[in-house]
Amino acid sequence: MQPPVHHNDRRENQMAERGDESLVHTLKKVAAVLKQSEIPFALGGSFAVYAHGGHSSEHDVDFLIREADVERSLEALVAAGFVAERPPEDWLVKVFDDGRMVDLIHRPIETPVTEETFADTVIRPVDAIQMPVLSATQLMVHKLLSFSQHYCDFARGLPLARSLREQIDWERVRKETQHSPYAEAFLVLLDRLEVVPLAGTQPGEGTQ
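This structure is a prediction, so every number in the text was calculated from the model and none was measured. (Residues numbered from 1 in each chain as written. Predicted model: local features only at pLDDT ≥ 70, side-chain atom pairs only at ≥ 80, totals over all residues. Heavy atoms only, no water.)

K.L.:
Would you mind going over the overall build of the protein chain in detail, with residue names and values included?
P.N.:
Across its full length, the protein chain holds nine helices and seven strands. A burial count over the protein chain gives 46% of its 208 residues as buried. Within the protein chain, counting contacts between residues at least 6 apart in sequence, those at least 24 apart form 61% of the total. (Helix = DSSP H or I, 4+ residues; strand = E, 2+ residues; numbered from the N terminus. Buried < 20%, exposed > 50% of the residue type's maximum accessible area, 1.4 Å probe, protein only. Contact = heavy atoms within 4.5 Å.)

K.L.:
Could you give an account of the pairing of strand E5 (residues 100-105), naming the residues involved and the relevant values?
P.N.:
Pairing analysis gives three bridges linking strand E2 (residues 62-64) to E5, with the strands arranged parallel. Along E5, the bridge assignment pairs Asp-62 with Asp-103. Sheet topology places strand E4 (residues 92-97) next to E5; six bridges connect them, and they run antiparallel. Within E5, the residue paired with Val-95 across the bridge is Val-102. (Pairing = 2+ DSSP bridges.)

K.L.:
Describe in detail the side chain of Lys-143, supporting the description with residues and values.
P.N.:
Take Lys-143: it is sitting in helix H6 (residues 136-145). Judged by relative accessible area, which is 11%, Lys-143 ranks as buried. A polar contact is formed between the side chain of Lys-143 and the side chain of Glu-58, at a distance of 2.8 Å. Once residues within four sequence positions are removed from consideration, Lys-143 is found in contact with Glu-58, Tyr-151, Arg-156, Gly-157 and Leu-160. (Polar contact = N/O pair within 3.5 Å; in protein donor to acceptor, adjacent residues only side chain to side chain.)

K.L.:
Outline the packing of H6 against helix H8 (residues 170-177), supporting the account with residue identities and numerical values.
P.N.:
With their axes 10 Å apart at the nearest point, H6 and H8 run at an angle of 35° to one another. Where H6 crosses over H8, the two elements pack in a sense that is right-handed. Between H6 and H8, the contacting residues are Thr-137, Gln-138, Met-140, Val-141, Leu-144 and Leu-145 on the first element and Trp-170, Arg-172, Val-173, Glu-176 and Thr-177 on the second. For the contact of H6 with H8, the class distribution of residues is six nonpolar, three polar and two charged. (Axes fitted to C-alpha atoms, helices over the stretch in contact; angles between N-to-C directions. Left-handed = near helix turned anticlockwise from the far one by under 90°. Nonpolar A, V, L, I, M, F, W, Y, C, P; charged D, E, K, R; others polar.)

K.L.:
Explain unusual backbone geometry to me, using residue names and the numbers behind them.
P.N.:
The phi dihedral of Asp-127 falls on the positive side, at around 55°, and the residue is not glycine. Positionally, Asp-127 belongs in the loop between strand E6 (121-126) and strand E7 (129-134). Given the relative accessible area of 30%, Asp-127 is considered partly exposed.

K.L.:
Please give an account of the side chain of Asp-191 that cites residues and values.
P.N.:
Here Asp-191 is to be found in helix H9 (residues 181-192). No salt bridge is formed by the buried Asp-191; its nearest oppositely charged neighbour, Arg-192, is found at 5.7 Å. A polar contact of 3.2 Å, which involves the side chain of Asp-191, links it to the backbone nitrogen of Leu-198. (Lys, Arg positive; Asp, Glu negative; His and termini not counted. Salt bridge = Lys/Arg side-chain N within 4 Å of Asp/Glu carboxyl O.)

K.L.:
Mind laying out H8, listing which residues take part and the relevant values?
P.N.:
Within H8, the full set of buried residues consists of Trp-170, Val-173 and Thr-177. End-on view of H8: buried residues confined to an arc of 50°, all on one side of the axis. Away from its buried face by more than 90 degrees, H8 exposes Glu-171 and Lys-175. In this fold, the buried residues of H8 make contact with H6, helix H7 (158-164) and H9. Sitting at the head of H8, Asp-169 places a side-chain oxygen 3.3 Å from the backbone nitrogen of Glu-171. (Arc of directions from axis to C-beta.)

Next up, the structure:
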């Protein structure tokens, strides 16, 4: 079921309040090129959080595509006026629109983008343009698995967890992140903050 109209307005207002109008315009341009080129994609990152009606402390435009579609995506976007960049990291490429950066990610959290990834999306409006958006659950999994000994800023995950908690399948999140001690610590934090209780407990009955 589609969210009420006022939720759509709230999502767009959140983007406008952050001064992201130009980024939204760039996002829409990329989505249009990928659609016209019949290249499967999914919106991720902070704008995916906004599209679900949530909040994010980050400021980025991320699209997920398959590795097999990287070259075709770059060709189509360069033909549309974007500037392409191949960074040293081997899990993404970047395009620029008048200095505004867009990440095209084909291997988030060391896992290739597949048809299964695209199946775990929801069609949401972004500034009145319908597009596939990563599910709230998958966004939370990706965020937790991005935490490591080199990057472990829980403050960046809290807005997502708080604002989208009712849309997130927390049992699936726990299952898919159980190998990460950083994800486990974050879930304990959510319990202590009474955001989401630990599995098998009631709020306030977690770690003492």
